Amino acid sequence: MTRRAASADTRETDDGSGAVRRLAPHARRFLARRSGVLVRLALWSLAETGQAFLVGQGVARAVDQGFLAGDTRRGLLWLTVALVAVLLGAPVIRGVFAELAGLTEPLRDGLVRHAVDRSLGSAAAGGPGGTDRAAVSRLTNQVEIARDSFAGLVLTLRSFVFTAAGALLGLLSLHPSLLVVVLPPLSLGLGLFLVTLRPMAAAQRRALAADEALGDHAARSRAALRDLTACGTGPAAARRGAELIEDAAAAARVLAGWAAVRTAALGVAGHLPVLALLLAVPWLRGRGVTAGALLGAFTYLVQSLLPALHTLMTALGAAGSRLLVVLDRIIGPERPEPRPERTRAAEPERAGGLGSVRALAATRTEPALAAAPRPAPGAGGGAVTARATAAIPGPGDDAPDRGGRPADRARTAAVELRSVTLSYGVRAEPVLDSLDLCVAPGEHLAVVGPSGIGKSTLTRLVAGTLAPSGGEVRVDGREVTGRPPAELAALRVLVPQEAYVFSGTLSDNLTYLRPGASRADLDAAVDALGLWPLVERLGGLGAPVRPAELSHGERQLVALTRAWVSPAPLLLLDEATCHLDPAAEARAEEALARRPGTLLVVAHRLSSAVRADRVLVLDGTDAVCGTHDEVLDRSPLYRDLTGHWQGGPACRR
C-alpha cells in the first residue's frame with residue numbers, strides 16, 4: 001500500500017472521531033448500568049462545590065466585615081470558616097475515591113472479559129497466524145492503562161465541573177462585574193485548548209505510527225543484518241531507515257507545534273484571568289467592588305478555578321488520548337494483520353522497508369560458474385596452521401568442469417586465508433591466530449569445532465562482513481576486505497542460522513539474488529531442495545509468503561533454495577540446516593554440493609562432516625584439515641566431537 005493510500009484509509013480515524021463514534025454506544029451502556037454510582041459520586045462532588053464556594057467567601061468577608069471594619073474577631077472567624085472548608089476536603093476526597101472504585105473496577109473486569117473472549121474466539125477460529133499475539137498486552141498493560149486513564153479523567157472532570165461551579169457562583173455572589181472580567185480570558189483559553197484536541201490527537205497518532213514504523217524497520221534490519229550485508233542490500237535498508245527517521249522527525253515537529261499551541265492555551269487560561277483582574281481593579285473599584293471582594297476573587301482564581309482548569313487540560317491532553325486509543329484497540333473492530341500486496345509498487349513495503357527486491361538484485365553481476373573437479377577422498381590436505389596450507393590443483397591438473405569447459409580457473413583458490421588473525425579487542429585473546437587455508441574451486445569443506453570457537457567468525461571473514469585484525473582473505477583471487485557490497489554479493493552467498501524470508505511472493509524470495517532466473521531454474525531448485533510440499537501448501541510460486549506463518553525449518557529451506565538459484569560461485573552455510581531433520585539436511589547439502597561452485601558448511605551434525613570432501617577442525621590452539629578419516633586419526637577433539645554426535649566414543653580407523 002502506498003503512503004498516500006494509507007493516509008486516505010486512516011483519514012477518518014486519524015483525529016479520533018471514528019474511535020469516538022465506535023466507543024460511544026459502549027460508554028452509554030456502561031454508564032447507564034451504573035447510574036447509582038454516578039448519583040453518589042455527584043453528591044460527594046456537591047460537597048466540593050460548597051467547599052470551593054466557602055473558601056472565597058470566607059476570605060472576602062474576613063476582609064470586608066472583619067479586618068477593614070475594625071472587627072478582628074469576626075475577621076478571624078471567617079478565616080476559620082475558610083480553613084474548615086479546606087480541611088473538609090479530605091473526607092470528601094475519601095468518599096469520591098470510594099465511589100470511583102464502583103466505576104473503574106467494573107470497567108477493568110469488562111475489558112478483561114472482552115479481551116479473553118476475543119483471544120479465545122480468534123484461537124478457536126484457527127485463522128491465519130494461529131493465536132492472538134497481542135492478547136497478553138491487552139490483558140495486562142492495555143487494560144491497566146485504560147483503568148488508570150479512566151479514573152484520572154473521572155476525577156479531573158468531576159473536580160473541574162463542581163469546583164468551577166462553586167467558584168463561579170462565589171464570584172457572582174461577590175459582584176457580577178467580576179465575571180465580566182474573569183470569564184472572557186478564561187473562556188478564550190479553554191476554547192483554544194479544545195480547538196487543539198483533534199489536531200493534537202492526529203499529530204500524536206502520526207508520531208506514534210512513525211515511531212512504530214521506525215522501530216519495526218530497525219528490528220527487521222537487525223534480525224536480517226547478516227543477510228543484508230552478505231547480499232549487498234545494506235545501503236537500501238539504510239536509505240529506507242533514513243526516510244523513516246525523517247518521517248518520524250517531521251511528525252515530531254508537527255506534534256511539537258501543536259504542543260506549543262496547547263501551552264499557549266494553558267497560559268491564556270491560567271494567567272490571563274489573574275492579569276485581567278489586576279488591570280481591571282480601578283474599573284471594578286469604580287463600580288463598587290470592595291477590597292474584600294477583590295481578594296475573594298483572587299482566591300477563587302488561584303486556589304480553585306485555575307488549578308482545576310490546568311488539571312483538566314493536562315488530563316484531557318494525555319490520559320484522554322491514551323484512553324481513547326486503548327479502548328478502541330480492546331473493544332473496537334479487530335484489525336487483521338496486513339497481507340502483502342501483489343502490485344510491483346508495493347514490493348518495498350512488503351519487504352518491511354528493506355528495499356525493492358528486484359531493483360536491488362538487478363544491480364548484481366553474474367560471474368561465471370566454472371569450477372574445478374573436487375579433490376578425491378584421501379588426496380592432499382593437512383594441518384591448517386601458519387606453516388602449512390591445503391594443496392590447490394596445479395597447472396597440470398586442468399580437467400573439464402561440470403559444464404564441460406576446461407577448468408582454467410583451477411589455479412586460483414576459491415577461498416584463501418593468508419595468516420589471518422582476528423581478535424575482538426586489543427588485549428583480547430585472538431579467536432583465529434595466523435590461520436592459513438586454501439579451498440579449491442568446486443570443493444566441499446565442512447568446518448567443525450565446539451561452540452564459540454570461531455566457526456561463524458570464519459564464515460563472516462570469508463563473506464567479507466568482518467575485517468581481520470591481520471592477514472588477508474581472498475575469494476576467487478580477490479581480497480574481500482573493504483570490497484563494495486555489490487561486488488561481494490557477486491562472489492558469495494552467506495546463509496546464516498536464522499534464515500531471512502521477507503513478505504512477498506515465494507518467487508520473489510527465491511529470485512532475490514538472481515532476478516533473471518527462469519521458471520525452469522526455479523523448478524529445478526525447488527525439486528533439488530525438496531521445497532515442493534511448501535510450494536503446494538502456499539498455493540504455488542506466485543503465492544504470498546508471510547514469514548511468521550513458516551516454521552524455522554521452512555524458512556531455512558527457502559533461504560537454501562534462494563542460495564541454490566544465486567549465481568555466486570561460493571556458498572557459505574553457517575549452521576543453515578540446524579532446523580531441518582537429518583533427511584532434509586542431507587538432501588539440501590547434497591543438492592548444494594552438486595551445484596557448480598564451492599561449498600563451505602559449518603557442520604551441525606556428524607553426517608555433514610562425513611559428506612564433505614574435507615573437514616576443518618578448529619580447536620582454539622591449532623587447526624587440522626583433511627578428509628574425515630584423516631582428521632579422525634589426527635585430531636583428538638574431532639574424535640571427541642564424533643563420539644558426542646554418535647552418542648559414544650569414536651574409534652580410530
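So, a few notes on the structure that sits alongside this text.

About the criteria used
Residues numbered from 1 in each chain as written. Predicted model: local features only at pLDDT ≥ 70, side-chain atom pairs only at ≥ 80, totals over all residues. Heavy atoms only, no water. Salt bridge = Lys/Arg side-chain N within 4 Å of Asp/Glu carboxyl O. Buried < 20%, exposed > 50% of the residue type's maximum accessible area, 1.4 Å probe, protein only. Helix = DSSP H or I, 4+ residues; strand = E, 2+ residues; numbered from the N terminus. Pairing = 2+ DSSP bridges. Axes fitted to C-alpha atoms, helices over the stretch in contact; angles between N-to-C directions. Contact = heavy atoms within 4.5 Å. Parallel < 35°, antiparallel > 145°, perpendicular 65-115°, else oblique. Expected span 1.5 Å × (residues − 1). Bend = angle between axes of the 7 residues up to and from the residue.

Let us now look at the pattern of salt bridges. Summed over all chains, the structure comprises 20 salt bridges. Here Arg-514 ties to Asp-521 by a salt bridge, and the two come within 3.4 Å at their closest N and O atoms. What makes Arg-514 partly exposed here is its relative accessible area of 22%. By relative accessible area, which is 25% here, Asp-521 ends up partly exposed. A salt bridge links Arg-611 to Glu-589; the nearest nitrogen and oxygen atoms lie 2.9 Å apart. Within this pair, whereas Arg-611 is found in helix 21 (residues 606-611), its partner Glu-589 is found in helix 20 (residues 582-594), the two being separated by 22 residues in sequence. The class for Arg-611 is partly exposed, based on a relative accessible area of 24%. Within the structure, one salt-bridge network assembled from shared partners comprises Glu-416, Arg-418, Glu-472 and Arg-474.

Along the chain, the position of Arg-205 falls in helix 7 (residues 176-223). Measuring from C-alpha to C-alpha, the distance between Arg-205 and Ala-251 comes to 9.2 Å, with 46 residues separating the pair along the chain.

What the six strands build is an open sheet, ordered 6-9-10-3-11-12; its pairing is mixed. At either end of the open sheet lies a strand with only one pairing partner, and these are strand 6 (492-495) and strand 12 (623-626). Sheet twist, expressed as the average angle between the axes of neighbouring strands with direction ignored, equals 15 degrees. Two elements, strand 11 (residues 614-618) and strand 12, share four bridges in a ladder whose sense is antiparallel. Opposite Val-617, over in strand 12, you have Val-624 as the bridge partner. Packing against the sheet, helix 19 (residues 552-565) makes contact with strand 6 and strand 9 (570-574), and its axis sits at approximately 175 degrees to strand 6.

The subject of this paragraph is the packing of helix 17 (residues 519-529) against helix 20. The geometry of a pair of packed helices is captured by two quantities: the angle between their axes and the separation between those axes. The contact between helix 17 and helix 20 brings their axes to 8 Å, and the two run at 135 degrees. Accordingly, the angle class assigned to the pair helix 17 and helix 20 is oblique. Residues Asp-527, Ala-528 and Leu-529 of helix 17 form the contact with helix 20, whose participating residues are Arg-587, Ala-588 and Ala-591.

Another aspect to go through is unusual backbone geometry. Non-glycine residue Ser-434 carries a positive phi angle of around 50 degrees. Mapped onto the elements of the fold, Ser-434 is located in strand 2 (residues 432-439). Despite not being glycine, Glu-575 has its phi angle at roughly 50 degrees, a positive value. Tracing the backbone shows Glu-575 in the loop between strand 9 and helix 20.

Burial of strand 6 is two-sided: the residues Arg-492 and Leu-494 facing one way and the residues Val-493 and Val-495 facing the other way are all buried. Here strand 6 runs beside strand 9; their pairing, made up of four bridges, is parallel. Of the residues in strand 9, the one forming a bridge with Leu-494 is Leu-572.

This part covers helix 9 (residues 234-279). For helix 9, which comprises 46 residues, the first-to-last C-alpha distance of 64 Å matches the rise-based estimate of 68 Å (1.5 Å per residue) to within 8%. Maximal helix bending in helix 9 amounts to about 40 degrees, located at Leu-272; proline Pro-273 follows within four positions. Along helix 9, the positions that sit buried rather than exposed are Ala-236, Ala-237, Gly-241, Leu-244, Ala-248, Ala-251, Arg-262, Ala-265, Ala-269, Pro-273 and Leu-277.

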